[in-house]
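What follows is the residue order along each chain.
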Amino acid sequence: MAQPRVIIVGAGPSGVRCAETLVAAGLRPTVIDENRRDGGQIYRRQPDNFTRPYAKLYGTEAGRAQSLHESFDALRDKVDYLPETLAWNIFDNKLHVVRNEVSSAMPYDALIICSGATDRLMPVKGWHYAGTYSLGASQIALKAQACAIGRQIVFLGTGPLLYLVASQYIKAGANVAAVLDTSPLMRRVMALPKLLARPSVLLNGLGLVAGIKRAGVPVLTGITPVEIKGESESGVQSVLIRDSRGNERSFQCDAVAMGYHLRPETQLADLARCAFRFEQETRQWLPEVDEDGRSSVPGVYLAGDGMRVLGADAAEIGGRLAAMAVLTDLRLKVSDEELQGLRAEQASMERFRQGLAQAFPWPAEQAAQLPDEAIVCRCEAITAGELRHVVCGMGAQEANRAKAFSRVGMGRCQGRYCGHAGAEVIAHAAGVPVEQVGRLRGQAPVKPLSIAVREEQE
Amino acid sequence: MNHRFTRLAETSRIPVRLVIDGHTVEALVGDTLMVALLNNVRHLRESEFDDGKRAGFCLMGACQDCWVWTADGERLRACTTVVGEGMHIVTRQPEATWPNLA
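Quick caveat: nothing in here was measured; it's all calculated off a predicted structure.

**A closer look at the interface of chain B and chain A**
- Contact residues are listed per partner, giving 32 residues for chain B and 41 residues for chain A.
- Among the elements of the structure, strand 1 (6-7) and strand 5 (53-54) of chain B are those that each provide at least two residues to the side of chain B that touches chain A.
- Grouping the amino acids of the side of chain B that touches chain A by side-chain chemistry returns 13 nonpolar, nine polar and 10 charged.
- Pairing between strand 10 (residues 147-148) of chain A and strand 1 of chain B: two bridges, direction antiparallel. In the sheet register, A148(A) faces strand 1 of chain B, and the bridge partner there is T6(B).

**Remarks on the pairing of strand 15 (residues 235-242) of chain A**
Residue and element names in this part refer to chain A.
- Note: strand 14 (residues 224-231) against strand 15, seven bridges, orientation antiparallel. Pairing of E231 across the sheet is with G235, part of strand 15.
- One ladder, built from five bridges, connects strand 15 with strand 16 (residues 248-252); its direction is antiparallel. Among the inter-strand pairings, S238 is bridged to a residue of strand 16, identified as Q252.
- Hairpin geometry of strand 15 and strand 16 is characterised by an intervening segment of five residues between the two adjacent antiparallel strands and by a positive phi of about 90° at G246.

**Overview of the domain arrangement of chain A**
All names here are of chain A.
- According to the domain assignment, chain A contains domain 1 (6-118 + 263-356), domain 2 (121-260) and domain 3 (365-437).
- Centre-to-centre separation of domain 1 and domain 3, based on C-alpha positions: 31 Å.
- With five residues of domain 1 at the contact, the number on the domain 3 side is four residues.
- Split into classes, the residues belonging to the side of domain 1 that touches domain 3 amount to one nonpolar, two polar and two charged.

**Quick word on the sheet that holds strand 6 (residues 67-70) of chain B**
Residues and elements named next belong to chain B.
- Spatially, the five strands line up as an open sheet ordered 3-2-8-6-7, and their pairing is mixed. The open sheet has two edge strands with one neighbour each: strand 3 (23-28) and strand 7 (75-77). Neighbour to neighbour, the strand axes of the sheet diverge by 45° on average, direction disregarded.
- Across three bridges, strand 6 lies against strand 7 in antiparallel orientation. By the bridge assignment for strand 7, V68 is matched with L76.

Calculation criteria
Residues numbered from 1 in each chain as written. Chains lettered and ligands numbered in written order. Predicted model: local features only at pLDDT ≥ 70, side-chain atom pairs only at ≥ 80, totals over all residues. Contact = placed C-beta atoms within 7 Å. Helix = DSSP H or I, 4+ residues; strand = E, 2+ residues; numbered from the N terminus. Nonpolar A, V, L, I, M, F, W, Y, C, P; charged D, E, K, R; others polar. Pairing = 2+ DSSP bridges. Domains from an automatic or database assignment. Axes fitted to C-alpha atoms, helices over the stretch in contact; angles between N-to-C directions.

In structure tokens, the structure reads:
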């Protein structure tokens, strides 16, 4: 039998472990990655001429980061690795990629999408000012470039990344003005039984919060963001919030790192025509998968945070599981014992994920309270008022129709940063549940292509 | 203050020179174009929609907020481009802006 054509999209934790498992079974997968180097976002590698050791770069996760990088280094001559390559469409059982401005179509027997996640964002008035970054961005600035995003930084949002990045900034010597969390502390207490599914991670998290407080940085929970104050020329100047008792408080800063946990990058799964379902706990649409990552489309598999956000450790497990699903479906042998072991591990990761969703909820109610003049779409500076107008004045109660009328979701981020919040604004304005608003359809190309791109000549 | 980002480590790298809006400035080998720019100035570009200066947002090639213009009229995504000696970047919007006049 000819070698099956197996393509992995993404060289982060799930993509690397997936490739490793396939190679061990005698296959030679193609690994496509948009980044210059492997590691994904979480274990992003610094440039060659940087010298910080693993412990400094990745903290408690240094061992895992190093192991992942070394595993991939060892795989390099056993896989076809295409870095700096964008997978931009899936059509007719072919993955369309662009590399060095040349587009080609790659047929596959099995496609494993390990596309990772981006920050999940809830707008606040003033978030378009220069100096507002996503939490992930603030971490990349530090990890990959040894920079802080400003001189005085406010961390705003919710989720474990909020505390992780804030504490990484403090350790690196940056000046953190405050950590402002929209989730009330009580939610964390209520989520404890689920969070105990991963006691060491829970302990790490508690340690981070304690460390931030020890450094003298104010940590406020249960806050409501009111406004990022600034000026269109010079950018961010301060963050105004209401604390849990309802008092307004302002924090001076020249940078804001903002995020509400993560959202999976599901555009490729969407273009492959995978079925999605609405998840009530996190109020978002997720691809339907079985416990090993098989999507509803034969030959298309999902793994890692691009499927659902379970974090880096679970992404490694998910990559292995998806690889085993591929092998099983190709009628190749897999170890049933290993499969059962991985499934069991993944089940506690899933329980922990539910705990995080309970502890750090997506603050949907903020969308309803956004003032009309607040920008929802940063790409094209479209306000909440304009979006509400197409809902109430033009009858657009569905996400794609509202997008067509208002252009929220049509800018160059293609809805990555406004899509979830936009749906909440529409739902509230229309008085319908958010799942009824639907979800923005994925569109090819999933990221902008240069007009200079040409098709590969056979 | 005339720059937005601050360097916390890795500062003994070899310098590279680039030109921002006609001024020659220094960055370090291994910087992304975005980091090279924001260690010298406070923004990357002007919004086409007239809501002010922009300085990028996601740093992972997802938001497309950091596209900058070169003096030759080429566009580069600053967060995924590595800075090169002699690059010439213009942070002013070279076309008309499209403000919301409603």
